[in-house]
Amino acid sequence: MDAVVAVAERPSVDLPDARFLRACARQPVDATPIWLMRQAGRMMPEYRALQARYGFLELMKTPDLACQVTLQPVRAFGLDAAIVFADILPPLEGMGLRLEIIRGVGPVVHNPIRSAADVAALRTPPPEEALWFTLETIRLVRRELAGRGLPLIGFSGAPFTLASYAIEGGHSTHYLHTKGLMLGAPALWHRLMAQLSEVAGRYLLAQAEAGAQALQLFDSWVGVLSPADYREFVLPHSRHTIALARRAGLPILHFGTGTGGLLELMRDAGGDVIGVDWRVDLDAAWRRLSYGVAVQGNLDPAALLAPWPELRRRARAVLDQAAGRPGHIFNLGHGVHPTTPVDNVRRLVDFVHDYRPEPS
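As the structure is a computational prediction, the values presented were derived from the model and not from experiment.

(A) Representation of empty space enclosed by the protein in the model. Using the criterion set out here, one finds one cavity of 30 Å³ or more in the structure. Put simply, the largest cavity is a space of about 60 Å³. As for the largest cavity, its lining consists of P91, G94, M95, P125, P126, P127, A130, L131, V199, R202 and Y203. For the lining of the largest cavity, the secondary-structure elements that each account for two or more residues are α6 (90-94), α8 (127-130) and α12 (186-210). Here the residues of the lining of the largest cavity sort into nine nonpolar, one polar and one charged.

(B) Main features of the layout of surface pockets. Looking at the largest pocket, its volume works out to about 1,000 Å³. Around the largest pocket, the lining comprises 35 residues; the ones closest to its centre are R38, R42, F56, A86 and D87. Secondary structure elements with two or more residues in the lining of the largest pocket: α3 (45-51), α5 (63-76), β2 (99-102) and β3 (106-109). Per-element accounting of the lining of the largest pocket gives the leading share, three residues, to α5. Tallied by class, residues from the lining of the largest pocket come to 20 nonpolar, eleven polar and four charged.

(C) Region of the structure containing the nonpolar core. F20, L92, W189, L192, Y230, F330 and L348 are the most contacted members of the largest nonpolar core, which has 120 residues in total. With ten residues, α12 is the largest single contributor of residues to this core. Core analysis: the second largest hydrophobic core is formed by ten residues, A158, L204, A212 and L215 among them.

(D) A look at the packing of helix α10 (residues 159-168) against α12. The contact between α10 and α12 brings their axes to 9 Å, and the two run at 120°. On the basis of their axis angle, the class for α10 and α12 is oblique. For the pair α10 and α12, the crossing hand works out as right-handed. Here α10 contributes P159, F160, L162, A163 and I167 to the contact with α12, which in turn contributes W189, L192, M193, L196, S197 and A200. Grouping the amino acids of the contact of α10 with α12 by side-chain chemistry returns ten nonpolar, one polar and no charged.

(E) Seen up close, the environment of A166. In this structure, A166 sits in helix α10. Residues A166 and I101, spaced 65 residues apart in sequence, show a C-alpha to C-alpha distance of 14 Å. Excluding residues that lie within four positions of it along the chain, A166 makes contacts with L92, L97, V109, P112 and I113.

(F) Just the sheet that holds strand β7 (residues 273-275), in detail. The parallel open sheet is built from seven strands, whose spatial order is β1-β4-β5-β6-β7-β8-β9. For this open sheet the edge positions go to β1 (82-83) and β9 (328-332), each flanked by a neighbour on one side alone. Strand direction decides the pairing type here: strand β5 (residues 214-219) and strand β6 (residues 252-256), joined by five bridges, are parallel. Bridged to Q216 within β6 is L253.

(G) Seen up close, the side chain of N331. Locating N331 in the fold gives a position in strand β9. Relative accessible area serves as the criterion here: at 0%, N331 is assigned to the buried category. N331 has contacts with W35, L36, M37, Q296, G297, N298 and L299, leaving out every residue within four places of it along the chain.

Analysis parameters
Residues numbered from 1 in each chain as written. Predicted model: local features only at pLDDT ≥ 70, side-chain atom pairs only at ≥ 80, totals over all residues. Heavy atoms only, no water. 1 Å grid on protein atoms, 1.4 Å probe; cavity = no way out; pocket = protein on both sides within 12 Å on 5 of 7 lines; lining within 4 Å. Points joined across faces, edges and corners; volume = space filled by probe spheres on them. Helix = DSSP H or I, 4+ residues; strand = E, 2+ residues; numbered from the N terminus. Nonpolar A, V, L, I, M, F, W, Y, C, P; charged D, E, K, R; others polar. Core = buried A, V, L, I, M, F, W, Y, C linked by side-chain atoms within 4.5 Å. Buried < 20%, exposed > 50% of the residue type's maximum accessible area, 1.4 Å probe, protein only. Axes fitted to C-alpha atoms, helices over the stretch in contact; angles between N-to-C directions. Parallel < 35°, antiparallel > 145°, perpendicular 65-115°, else oblique. Left-handed = near helix turned anticlockwise from the far one by under 90°. Contact = heavy atoms within 4.5 Å. Pairing = 2+ DSSP bridges.

Below is the structure:
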């Protein structure tokens, strides 16, 4: 925990008063900061207009367009941070996997990893070569954000989530290929995870060098594992990724879904902020983490589709559980749904900023 405390002593020097960065450091803020995962969320008409003209990967790999998408929610709502418009999977392309994102289907890897030969064939090019487009987007966004006082979040997929996509070839329900490799060929699994942890860590570090002011590690699917399997097969590799990113001296956010049974282990892997999804009460999660890190979350994304009185009630419940303790960043437990009413987002942001829970 010493590394967390060392970084938490000060927010980013160029934005010393930014709510989001102060909350990452568990410092007092004038209002609870809020940003939303998948902020563009496919809900904004401005985003849908671009999506009608460009494929997802084309949007993401064209820095001028990705910059526009990054800034759309910042301009529309009073959010406390921007997150670069990107995706967790392009690092796999640089390693030699053929990625396609199919509308209505999602990501598809056309040459999934299933053997030792597949792992041996993987490349690990520098992020400046393989992921230059996101690094350039970060540079563009930072210039556009100048004067707004808003930090920019960079991110990467975590080793396990990258591995699950690479092995399954796309989204999965039971992750049988992934767990089959993990349990049936543990040496090969660790070899793959070592490569992925290096790629993810160097990518995060490159984003920091390009201008990101906080870094989030997305382990979206790690909740499918037991604590014992996380400890043996994931923890060392996530820890390595975070240790590499830690060299930037920026706040690091560590997020997963379905991770109510893994919170302490995720804390041990590292990070200044632990993301909490809606399947666990925020106050209970923070107690389990001994209040030694900040927490982010944890409204159910479906609540944003509810009538305003119900959405307000649920947002208040999250804020009351945080109880005004320094170190809470309001967010969803996962990404914004595409059908979310834009006005609900606007009202939620205003409500979070205005609400003052009683300190515990």
